[in-house]
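Working through the structure, step by step
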Amino acid sequence: MSVILKAEGLTKTFRLSAKQQKLQNTKKKTITAADHISFEAHEGEIFGLLGPNGAGKTTVLRMLATLIKADSGDAIVDGSSIKTDPEGVRSKIGFLTSELKLEDFFTPNYLFDFFAKIHHLTPEVRDKRKKELFDKFGINKFAEVKVVNCSTGMKQRTSLVISVIHDPNIVIFDEPTNGLDVITAKVVTDFLMEQKALGKTVVLSTHIFSLVEKLCDRAGIIIDGKMIVCDSLANITAEKPLEDVFFDLYAEAKGGEEQ
Amino acid sequence: MKNIITIISKEFTRFFTDKRMILMTVLPAIMIYAVYTFMGTLMGDMFSPDEDHASQIFAVNTPASIVQSAPMFGLTIQSAGANEIDIIKENIINNEADLLIIFPQNFDELVGEFDSRTGPAPNVEMYFKSTEPNSQEAYFMMTALLDAYKSSLVTLFDINRGVENPDLATPENVAAMLISMLMPMLLMIVLFSGVMGLALESITGEKERGTIATLLVSPLKRRELAIGKILSLAVLSFLSGIVTAAATILALPNLMGGAAEDSINVDIYSATDYILLALIILTTLLLMVAMVSIVSAYAKTVKEAGQATTPLMILVMLVGVSGMFGGGAQTEMIYFFIPLYGSVQSMSGIFSLDYSVVNVLIACISTLVYASIGGFVLTKMFNSEKVMFSR
């Protein structure tokens, strides 16, 4: 399978405030959220970034989505570099994270049309896509309800639909099932499987082992900003279950630290 | 360009389909009209004397010369005896009389014989009640009469004797002067409040709620987002400015108790004046929007943005006030390059019908350049993760 997304040495440091330095009992002025992260995602597979909270998963995905800039390293997303062609990257990916919100005042229907225009969809394509996605995610029922009056599940469905409005080849989802009830979570995981079946590539981040085991073809384990392992799920779990592999790696990584 | 229009149309939909937002825009205008009218009525009642009122003026030892000239000042003086002084004073306190004048006996003769070397001048006592407009008015008129009498005694020369209307200013000049003093400040404040009301919500609000991040992951260019925001905010604040300014202009005659009704006449301006005025207002608005947008993009919360824009508001007010002083608009070209100040000077010049088209155009163009720099900075800010995702 051909490589459609290739990240090479993605590094991102954030400055620590004086308060934060005190809190973490450190003299370091910066914290490295992503430390030379490299991985590849192949066409038609689901790639999972697994790691505890604060490991740097979201930072990596945000760099891929060009929301933040990498200090060093680059990633080629479907032929576009995140450094030199951020608009190109953004037009090729569907990005979903909890920090992206929809304007409360508008209805899912209006927002769909608005983002369709931003993606330069023709009215015919837009209407076809809308029918398809609204039917699949059951949005028709609340298509004219303002987002402010929508439930969390409704909002998540609308966000999801809008993130893939342009039928992208690569879908990048940050913690896609966080905070969702089992029904909505299943809608999301089913959607990801379906994308894979359609030959699309999915990159997701999560701290839930079962989700990786259920969905991913390949996975990378990130601890403290470093990619510890990156391999096919079959290889990673050849000897022991994913959970055990992870805790062993975690203990090893933390054991190496002075504190 | 297409994306910019998409952004503008979203901002317009956001504004025009939200009843609350429209209400919040129209409400200040209604308040201004109501408050000005109320204040005008109140002040009118308080300070203007009753025109139909016949003044009750009493004088003791009334000299013939004064009685004769009283009708020229619209006064009628009733004679009273020295024994009535206390009663009349009591009546003034009870608003039943307006003024009591006590002349010395044989006032005319005393005045005629008076020599500053031999003793003090004859003294006239006048009693009135300052809180009663009619009494106050009678006092002023009587003082004017006595002053006229006094100066007639020692005339060395007259001023404007027999000249009917020495003020050669046309009614247009008077109107233009009044408008040119008030309007630039009013416009600046009204426009800036409109910008503040909208930009904080549209930029910091979207940032705070995380909705701008959704736009930032779309293929939209940051520049398109910045331009779309600035243009739509400028148009919307222009509309809100028009509503507020219209309410203010309509309320001004009420505030001035009808005095301004005849003098403020907007027919005096030509089409060129209006076109230049519209140009300077629109470019100034763009600059204001750019300024407030930058502060809004930098702020983390709408509340913080509100606090941070207050100094800007004060600056705009101060610059606006500068149009009221200094004896008309500046004429030197260099002043028109100064942001905001150049705008105020241009407005002041246009309103007073005394301006150079070149200077006004310089102000328009330089303001546009400053606004573009602001747009460029805003684009950079939208591009900066530190600004957009700081918590």
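Residues numbered from 1 in each chain as written. Chains lettered and ligands numbered in written order. Predicted model: local features only at pLDDT ≥ 70, side-chain atom pairs only at ≥ 80, totals over all residues. Heavy atoms only, no water.

1. A few points about the nonpolar core
The cut-off we apply is this: What makes a nonpolar core is a set of buried Ala, Val, Leu, Ile, Met, Phe, Trp, Tyr and Cys residues whose side-chain atoms join them at distances within 4.5 Å. A 1.4 Å probe rolled over the protein chains alone gives each residue an accessible area, and that area as a share of the maximum for its type sets the label: buried under 20%, exposed over 50%, partly exposed in between. Note on conventions: DSSP H or I runs of at least 4 residues are helices, E runs of at least 2 residues are strands, and numbering of each starts at the N terminus.
By size, the foremost hydrophobic cluster in this structure holds 146 residues, and its most contacted members are A:Leu5 and A:Leu192. If one sorts the elements of this core by residue count, helix α11 (residues 271–298) of chain B sits on top with 14 residues. Core analysis: the second largest hydrophobic core is formed by 16 residues, B:Leu75, B:Leu99, B:Phe103 and B:Leu145 among them.

2. As for the interface of chain B and chain A
How big an interface is tends to be stated in terms of accessible area lost as the parts join. Worth spelling out the cut-off: Contacts are residue-level and defined by heavy atoms, with any inter-residue pair within 4.5 Å sufficient. As used here, buried area is the combined drop in accessible area, with a 1.4 Å probe, of two parts when they are placed together. What counts as a salt bridge is simple: a side-chain nitrogen of Lys or Arg found within 4 Å of a carboxyl oxygen of Asp or Glu. Here a polar contact means two N or O atoms within 3.5 Å. Within protein one must be a hydrogen donor candidate and the other an acceptor candidate, and residues neighboring in sequence count only if both atoms are side-chain atoms. Throughout this entry, Asp, Glu, Lys and Arg are counted as charged residues, while Ala, Val, Leu, Ile, Met, Phe, Trp, Tyr, Cys and Pro are counted as nonpolar. The remaining residues, Gly among them, count as polar.
Residue-level contacts link 28 residues of chain B with 27 residues of chain A. Both faces considered, chain B and chain A share a buried interface measuring about 2600 Å² in area, 61% of it formed by carbon and sulfur atoms. In terms of surface lost to chain A, no three residues of chain B exceed B:Val217, B:Pro219 and B:Glu385, which account for 24% of the buried area on that side. Counting across the interface, chain B meets chain A through three salt bridges. One salt bridge in this structure joins A:Glu103 and B:Lys10, with 2.7 Å as the shortest N-O distance. For the pair chain B and chain A, the number of links is 11 residue pairs in polar contact (both at pLDDT 80 or more). Elements supplying a minimum of two residues to the side of chain B that touches chain A: α1 (2–16), α7 (171–209), α8 (211–216) and α15 (385–388) of chain B. Considering every element that reaches the side of chain B that touches chain A, the biggest residue donor is α1(B), with eight residues. Along the lines of polarity and charge, the residues of the side of chain B that touches chain A split into eight nonpolar, 10 polar and 10 charged.

3. Here's the deal with the pairing of strand β1 (residues 3–15) of chain A
Heads up, the condition is: Two strands are counted as paired when DSSP detects at least two bridges linking them.
Bridge count between β1(A) and strand β2 (residues 30–42) of chain A: nine bridges; the pairing is antiparallel. Considered in β2(A), the bridge of A:Leu10 is made with A:Ile37.

4. A closer look at the confidence of the model for chain B
Residue and element names in this part refer to chain B. This is how it is decided: On a range of 0 to 100, pLDDT expresses the predictor's confidence in each residue.
Taken residue by residue, chain B gives an average pLDDT of 83. The fraction at 70 or more is 90%. Within chain B, helix α10 (residues 259–263) has the poorest average pLDDT of any element, 49, and helix α14 (residues 357–383) the best, 92. Predicted complex metrics record ipTM = 0.87 and pTM = 0.76.

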